[in-house]
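# Descriptive structure summary
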Amino acid sequence: MFGRRIATALIAALLASSLMAAPAQALGSFWCETGSFHPVGDWYGLSGTRCGGTGATDAEVHLRTGPSAGDYLCEFVFFWVVTGNLGGSRCVPL
């Protein structure tokens, strides 16, 4: 019986540690047909056109075409639904 308790505790500890080691997930996800990634002071900004997606903070942004094509993680994203334009701040390449 004592052995079962030890085994159960070890399994719980292993599961808990593996969950804490998992990478953070983005809260939002966007794609843009084209856009640009540019320095703004000590961090980077991102702007995109013909975009879609959801979210506002900690969002992944995928720029499909252009010189800045690629994937980025932005701390804040502002999406204008009417125009389809997007602005991201405090962004880093993924």
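Now for a look at the structure at hand.

### Remarks on the side chain of Ser68
Along the chain, Ser68 turns up in the loop between strand S3 (57–65) and strand S4 (70–80). Among the polar contacts listed, one links the side chain of Ser68 to the backbone nitrogen of Phe37, at a separation of 3.2 Å. Excluding anything up to four places from it in sequence, Ser68 contacts Gly35, Ser36, Phe37 and Leu63.

### Regarding the packing of aromatic side chains
Enumeration over the complete set of coordinates arrives at three aromatic pairs. When the centroid spacing of 4.8 Å and the interplanar angle of 10° are considered together, the rings of Phe37 and Tyr44 count as stacked. Note on Tyr44: relative accessible area 38%, which makes it partly exposed. Linked through ring pairs, Phe37, Tyr44 and Tyr72 together constitute an aromatic cluster.

### Quick word on the pattern of salt bridges
Here the structure, examined in full by the defined rule, presents one salt bridge. Here Glu33 ties to Arg64 by a salt bridge, and the two come within 3.5 Å at their closest N and O atoms. One end of the pair, Glu33, is in strand S1 (residues 28–40); the other, Arg64, is in strand S3, and 31 residues separate them in sequence. Classification of Arg64 by relative accessible area gives partly exposed; the value is 43%.

Rules used in this analysis
Residues numbered from 1 in each chain as written. Predicted model: local features only at pLDDT ≥ 70, side-chain atom pairs only at ≥ 80, totals over all residues. Heavy atoms only, no water. Helix = DSSP H or I, 4+ residues; strand = E, 2+ residues; numbered from the N terminus. Polar contact = N/O pair within 3.5 Å; in protein donor to acceptor, adjacent residues only side chain to side chain. Contact = heavy atoms within 4.5 Å. Phe/Tyr/Trp six-rings, centres within 6.5 Å; stacked < 30°, edge-to-face > 60°. Buried < 20%, exposed > 50% of the residue type's maximum accessible area, 1.4 Å probe, protein only. Salt bridge = Lys/Arg side-chain N within 4 Å of Asp/Glu carboxyl O.

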